[in-house]
Amino acid sequence: MSELVARTGRQQQRYEGGCRLVAGCIPYRYRNSVESNGAASEKIVEVLMINSTSGPGLLFPKGGWENDETVEEAALREALEEAGVRGELKHFLGCYLFKSKTLQDESCPEGLCKAAMFALLVKEELSSWPEQSTRRRSWLAIPEAIECCRYPWMRKALEEGFSKWHDDHLRNTSKEEDIHIS
């Protein structure tokens, strides 16, 4: 059982322009691919997805951004509560609008949500976390994650936000390494 406890309720929830404000992240790590001769070849990026508690498909950790925290703190908290990971936020990927069918209330009767999403480099995977009894973690390569992603807005965050940033980041990193080597 986890000694950490997930926040619940809507008392501290932030709203803006009729939208519930949400924070989340795309947790990622690097794994070395192994060639048939057993030699390590290249680094492969994997993203961490969790099961939905309300239906099929996988998702990224996300949840309400509350009044007593920054958006970055909210994203880190959701990664810890839902996926049991800690790490470093590397990049703001953008804001994504979506409509929640289950989270409609007096402050947001239409169920409109605006999610601020971040790339989170995972540094620690906990063996015990607040939602472990209802969540399963899956590390996936990006093409597989795109196929398994439950929500179109999350798929967009992965394809247009994370993948584009990551590709640019790798290109810039290799250019910097080329400069240092010569």
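Here the structure is shown first, and the text comes after it.
Notes on the structure in this doc start here. In this text, all values refer to a predicted model and were calculated from it rather than measured experimentally.

Regarding the pairing of strand 7 (residues 112-125)
Line of reasoning, step 1. Here strand 2 (residues 19-34) runs beside strand 7; their pairing, made up of nine bridges, is parallel. For Ile26, the partnering residue across the bridge sits in strand 7 and is Ala119.
Line of reasoning, step 2. Of the strand pairs in this sheet, strand 6 (residues 85-99) and strand 7 are connected by 13 bridges, and their pairing is antiparallel. The residue of strand 7 that forms the bridge with Lys99 is Leu112.

Remarks on the pattern of salt bridges
Line of reasoning, step 1. For the structure on display, the rule yields 14 salt bridges.
Line of reasoning, step 2. For Arg135, the salt bridge identified is with Glu131, shortest N-O distance 3.1 Å. This pair shows no difference in class: Arg135 is buried, exactly as Glu131 is.
Line of reasoning, step 3. Notably, a salt bridge pairs Asp168 with Lys164, separated by 3.2 Å at the nearest N-O pair. Remark: Lys164 and Asp168 occur in helix 3 (residues 152-181); sequence separation between them is four residues, near one turn of the helix.
Line of reasoning, step 4. Overall, the relative accessible area of 27% leaves Asp168 in the partly exposed class.
Line of reasoning, step 5. Through salt bridges that share partners, Arg29, Arg31, Glu46, Glu125 and Arg137 make up one connected network.

What counts and how
- Every chain is numbered on its own, with residues counted from 1 as its sequence reads.
- Only residues with pLDDT of at least 70 get local features here, since the model is predicted, and only at 80 or more are side-chain atom pairs given and counted; chain-wide, interface and lining totals rely on the full set of residues.
- No hydrogens and no water enter the side-chain calculation; it runs on all heavy atoms of the structure.
- Paired strands, in this sense, are two strands between which DSSP finds at least two bridges.
- Only DSSP runs of H or I reaching four residues or more are called helices, and only runs of E reaching two or more are called strands; each is numbered from the N terminus.
- Definition used for salt bridges: Asp or Glu carboxyl oxygen within 4 Å of a side-chain nitrogen of Lys or Arg.
- A 1.4 Å probe rolled over the protein chains alone gives each residue an accessible area, and that area as a share of the maximum for its type sets the label: buried under 20%, exposed over 50%, partly exposed in between.

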